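# Summary of structural features
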Amino acid sequence: MKTTGNTILITGGTSGLGLGLAQRFAAADNKVIVAGRRAELLRDIEASNPGITGLELDVADPTSIAEAFTKVTASDPELNVVITMAGIMQPEDLHSAGFLETAEKTITTNLLGTIRTIAAFTEFLQTKPDATIMTVTSGLAYTPLALTPTYNATKAAVASFTDILRLQLADTSVEVLELVPPAVATTLLGQDQDDSGRAMPVDEFLDEVMSILTERPDEKQVMVERVKPLRYSEANGNYDQVMQTLAGSH
Ligand SMILES: NC(=O)c1ccc[n+]([C@@H]2O[C@H](COP(=O)([O-])OP(=O)(O)OC[C@H]3O[C@@H](n4cnc5c(N)ncnc54)[C@H](OP(=O)(O)O)[C@@H]3O)[C@@H](O)[C@H]2O)c1
């Protein structure tokens, strides 16, 4: 994707990686709209970040997605990039059925939320000469973490969906990218409170992502070096070992 002169919508842009990426893109001469459920936070972000505007959106609610689409395409008809960052990550214990509520919420937000957002915006984006959809998966899509089974499964599903989205849209102006983060120190699962060094500092992650986008524009999967042991464990022949190590570290 080109890294300047875009109008970019980031769902899940109110905190963590989404907000960080929004600030990097705004600083690189892009117009950025961040979307999320926390209305007050959206107002604070607008006040303290010139060049970024806020949009209320709950990706778990199809009506909210439809309303957000109508609003943003009216206020920003030049919109040409959508980044589906919104996501949740919660622990589950599969020994009893109590995990099911978390599982359903996770699927509704991470998987259905992503697919519904893409469904809402794809036709519109095809009218733009230079458009991008960037999905957000995880290293855990490729080597799962024992603590968060449904989270891992939603990210694996989004990765698979993304591959076929790219294939089907190859005859359009829409480029399809997958951002594959490693553990990064955000509040997603309390990684920001973990001083073991397992989680990558947010700024370091964003620096590396922006340099990949700028210097290697042909990469379809945007991967910092730290995610590669998870991404390629199967190919490296150590999937079980990496999965066991991950399980032991949480
Ligand atoms: N940090 C990591 O280690 C890591 C690793 C791999 C992948 N990721 C992925 O990166 C993405 C961002 O995570 P993060 O680490 O930046 O965590 P975060 O700070 O908790 O950000 C999550 C974002 O998702 C939004 N969100 C959650 N549910 C939503 C909903 N129903 N509708 C709209 N927005 C919703 C939140 O906004 P509101 O609360 O305002 O709605 C927030 O902006 C997620 O998809 C996550 O799976 C993170």
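What comes next concerns the included structure. (Residues numbered from 1 in each chain as written. Predicted model: local features only at pLDDT ≥ 70, side-chain atom pairs only at ≥ 80, totals over all residues. Heavy atoms only, no water.)

### Observations regarding the packing of helix 3 (residues 62-75) against helix 4 (residues 100-125)
Contact geometry of helix 3 with helix 4 gives a least axis separation of 10 Å together with a crossing angle of 30 degrees. Between helix 3 and helix 4, the angle falls in the class roughly parallel. Once helix 3 is placed against helix 4, the crossing between them reads as right-handed. In this structure, helix 3 contributes Pro 62, Ile 65, Phe 69, Val 72 and Thr 73 to the contact, and helix 4 contributes Gly 113, Arg 116, Thr 117, Ala 120, Phe 121 and Phe 124. Looking at the contact of helix 3 with helix 4 residue by residue, the class counts come to seven nonpolar, three polar and one charged. (Axes fitted to C-alpha atoms, helices over the stretch in contact; angles between N-to-C directions. Helix = DSSP H or I, 4+ residues; strand = E, 2+ residues; numbered from the N terminus. Parallel < 35°, antiparallel > 145°, perpendicular 65-115°, else oblique. Left-handed = near helix turned anticlockwise from the far one by under 90°. Contact = heavy atoms within 4.5 Å. Nonpolar A, V, L, I, M, F, W, Y, C, P; charged D, E, K, R; others polar.)

### Section: the side chain of Thr 3
Within the element layout of this structure, Thr 3 appears in the segment before strand 1 (7-11). Contact partners of Thr 3, with chain neighbours within four places excluded, come to Phe 25, Ala 28, Asn 30, Leu 213 and Thr 214.

### Re the site of the ligand
Near the ligand, the surroundings consist of 31 residues, among which Thr 14, Leu 17, Arg 37, Tyr 151 and Thr 186 are the closest. At a separation of 2.6 Å, an oxygen atom of the ligand approaches a polar side-chain atom of Thr 186. For the ligand, whose unbound accessible area comes to 870 Å², protein coverage reaches 95%. Among the secondary structure elements, those contributing two or more residues to the shell around the ligand are helix 1 (16-27) and helix 5 (149-168). A breakdown of the residues in the shell around the ligand according to their chemical character gives 14 nonpolar, 13 polar and four charged. (Near = heavy atom within 4 Å. Polar contact = N/O pair within 3.5 Å; in protein donor to acceptor, adjacent residues only side chain to side chain. Areas by Shrake-Rupley, 256 points an atom, 1.4 Å probe, with all protein chains shown as cover.)

### Regarding the environment of Thr 114
By secondary structure assignment, the location of Thr 114 is in helix 4. Assessed through its relative accessible area of 5%, Thr 114 is described here as buried. Along the chain, Thr 114 and Phe 99 lie 15 residues apart, while their C-alpha atoms are 22 Å from each other. Contact partners of Thr 114, with chain neighbours within four places excluded, come to Thr 84, Thr 109, Thr 135 and Val 158. (Buried < 20%, exposed > 50% of the residue type's maximum accessible area, 1.4 Å probe, protein only.)

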